[in-house]
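# Summary of the model geometry
Single-letter residue listing:
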Amino acid sequence: MKTRIFLLSAMLIAAFAFFAFSVPQDQKKPAPWKIDAKFKAMKNPSAGDAESVKLGKALYAKHCKSCHGNLGLGDGPKSTNLETFPGDFSDAKFQAAYADGELYYMTVNGRDEMPKFDSKIPDEEGRWAVVNYVRSLKK
Ligand code: HEC
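Residues numbered from 1 in each chain as written. Predicted model: local features only at pLDDT ≥ 70, side-chain atom pairs only at ≥ 80, totals over all residues. Heavy atoms only, no water.

### Description of the site of the ligand
- In the vicinity of the ligand there are 25 residues, among which C64, C67, H68, R111 and M114 approach most closely.
- At 2.7 Å from a nitrogen atom of the ligand is found a side-chain nitrogen or oxygen belonging to H68.
- Between the ligand and Y98, the relevant distance is 2.8 Å, taken from an oxygen atom to a side-chain nitrogen or oxygen of the residue.
- Among the elements of the structure, α4 (65-68) and α6 (100-109) are those that each provide at least two residues to the shell around the ligand.
- Grouping the amino acids of the shell around the ligand by side-chain chemistry returns 17 nonpolar, six polar and two charged. (Near = heavy atom within 4 Å. Polar contact = N/O pair within 3.5 Å; in protein donor to acceptor, adjacent residues only side chain to side chain. Helix = DSSP H or I, 4+ residues; strand = E, 2+ residues; numbered from the N terminus. Nonpolar A, V, L, I, M, F, W, Y, C, P; charged D, E, K, R; others polar.)

Printed below as a string of structure tokens:
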């Protein structure tokens, strides 16, 4: 009798462990952003500039990588705690979906789990640098 209870408990624990580790975490698909048309029309003063991309890389490593991941796949170490998928910056569909000014808007203002960086990246140069770096992550 005792061995049977023991075996049963062992099986339950094994089953629990199996589900806990094998079921992937469901992340919500983000809802469309509502961004004022004026951002879409905004001109990127440093589009494609190599120095700007370099600065953007450093800012990205400091402020964005923890959630968005090294290559922008949305798989940074903090991403497992996020309810909403942070997006895949390497995806051509993501790259085509937004104008530079819209990436600028999202970076500066954030939304829900996406923090706003208006005070952490206060200068225009740095904000556009991050946008340019995100652009460089396209596969
Ligand atoms: C704490 C985690 C976290 C950090 C840090 C973070 N983000 Fe995000 N980001 C998110 C989440 C979550 C979303 C999805 C939010 C939503 O759509 O509601 C998101 C969405 C985005 C999007 C839109 C993606 C899409 O497909 O619509 C962009 C662009 C973005 N983030 C850029 C940045 C940049 C640039 C930085 C650094 C300056 C940054 N994020 C830092 C969590 C983060």
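### Digging into the coordination of the iron atom of the ligand
- Around the iron atom of the ligand, the protein contributes the donor atoms H68 (NE2) and M114 (SD), at 2.0 Å from the metal centre.
- Coordination at the iron atom of the ligand is octahedral: its six donor atoms span angles of 86 to 179 degrees at the metal. Taken as a pair, H68 in helix α4 and M114 in the loop between α6 and α7 (124-136) lie far apart in primary sequence, 46 residues in all.
- Residue class for M114 comes out partly exposed when judged on its relative accessible area of 23%. (Donors = N, O, S within 2.8 Å, 3.2 Å for Na, K, Ca; no water. Tetrahedral: all angles 85-135°; square planar, octahedral: opposite > 155°, others 65-115°. Buried < 20%, exposed > 50% of the residue type's maximum accessible area, 1.4 Å probe, protein only.)

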